[in-house]
Each structure stands twice: as structure tokens, then as C-alpha cells.
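# Remarks on the overall topology
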Amino acid sequence: MINIRPVSDLRNKYPEIEDLVLKEDEAVYLTKNGYGSMVVLSLEKYAEMLKVLDKEKALEARFGVIDIDKALEEAEEEANNPNTKCYSHEEMKQMARRIIDGK
């Protein structure tokens, strides 16, 4: 369940919010004048989110995609397509050598 609290609860009910964040492992959304203001997370949850974000950025930078599972599924579908030309390791080496040699 989403926990939405007024920002004043951070001062007035800190132990209650701390329990939700640390013991219940939930995020607490704070509002000010009825509008979203900030989110309180445990350090562990925050670090986990950063790790996931870093992983997604690395995948996107390396492969141009974030959802590597989807990209692998698409590659497998393409490989299983009878119209897809597949090359052996030897053929790829020969093509690379011709490109390197400028032929």
C-alpha cells in the first residue's frame, strides 16, 4: 500500500515513519499543501534503486537497450527465421580478414 503523509508527519511522527521505512521496507511519500514534495526511503532501498539504474544505464550504453531479455528474445526469433542468413565461425573470420585487408 502506498503511504502518503503530510510533510509535518516527518517532524511530528518521525518514529512512525521510521518504522514504515526501515521495518516495513516501504517508501513514504510526503506532501506539502496537498502536493507531492518528496519520498523517504531506507538507505538500503535507495542503494538498490541506484544499482538497478546503473545496470540499466550500462546496458543501454553497451547494447542500446535496457530490457536485455527482450533484446535476446528478438535475436532468437531472428535466428530462428528461415530467411535469416547465418554464418559459421570460419566464414566470419574470412569476411573479417577480407575487410581488414581491404578486399
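Residues numbered from 1 in each chain as written. Predicted model: local features only at pLDDT ≥ 70, side-chain atom pairs only at ≥ 80, totals over all residues. Heavy atoms only, no water.

Enumeration according to the criterion identifies 6 salt bridges in this entry. The shortest N-O distance in the salt bridge between Lys-23 and Asp-19 comes to 3.4 Å. A residue pair is termed a helical-turn pair when its members lie 3 or 4 positions apart in one helix, as Lys-23 and Asp-19 do in helix H2 (residues 14–23) at 4 residues. On the accessibility criterion, Lys-23 (66% relative accessible area) is exposed. (Salt bridge = Lys/Arg side-chain N within 4 Å of Asp/Glu carboxyl O. Helix = DSSP H or I, 4+ residues; strand = E, 2+ residues; numbered from the N terminus. Buried < 20%, exposed > 50% of the residue type's maximum accessible area, 1.4 Å probe, protein only.)

Moving on: the side chain of Asp-9. Inspection of the secondary structure puts Asp-9 in helix H1 (residues 8–12). Judged by relative accessible area, which is 8%, Asp-9 ranks as buried. Beyond its immediate chain neighbours, meaning those up to four positions away, Asp-9 contacts Tyr-14 and Ile-17. (Contact = heavy atoms within 4.5 Å.)

What follows covers the nonpolar core. Core analysis: the largest hydrophobic core is formed by 5 residues, namely Ile-17, Leu-20, Val-21, Val-28 and Leu-30. For this core, the elements supplying multiple residues, two or more each, are H2 and strand E2 (28–32). If we ignore the near neighbours within four places in the chain, the residues touching Val-21 are Glu-26, Val-28, Val-40, Leu-41 and Ser-42. (Core = buried A, V, L, I, M, F, W, Y, C linked by side-chain atoms within 4.5 Å.)

A word on helix H3 (residues 43–63). The periodicity of an α-helix, 3.6 residues per turn, causes residues three or four places apart in sequence to face the same way. Helix length check: H3, at 21 residues, gives a terminal C-alpha distance of 30 Å against a target of 30 Å (1.5 Å per residue), a fit within 8%. Residue Gly-64 follows H3 closely and has a positive phi angle near 80 degrees. (Expected span 1.5 Å × (residues − 1).)

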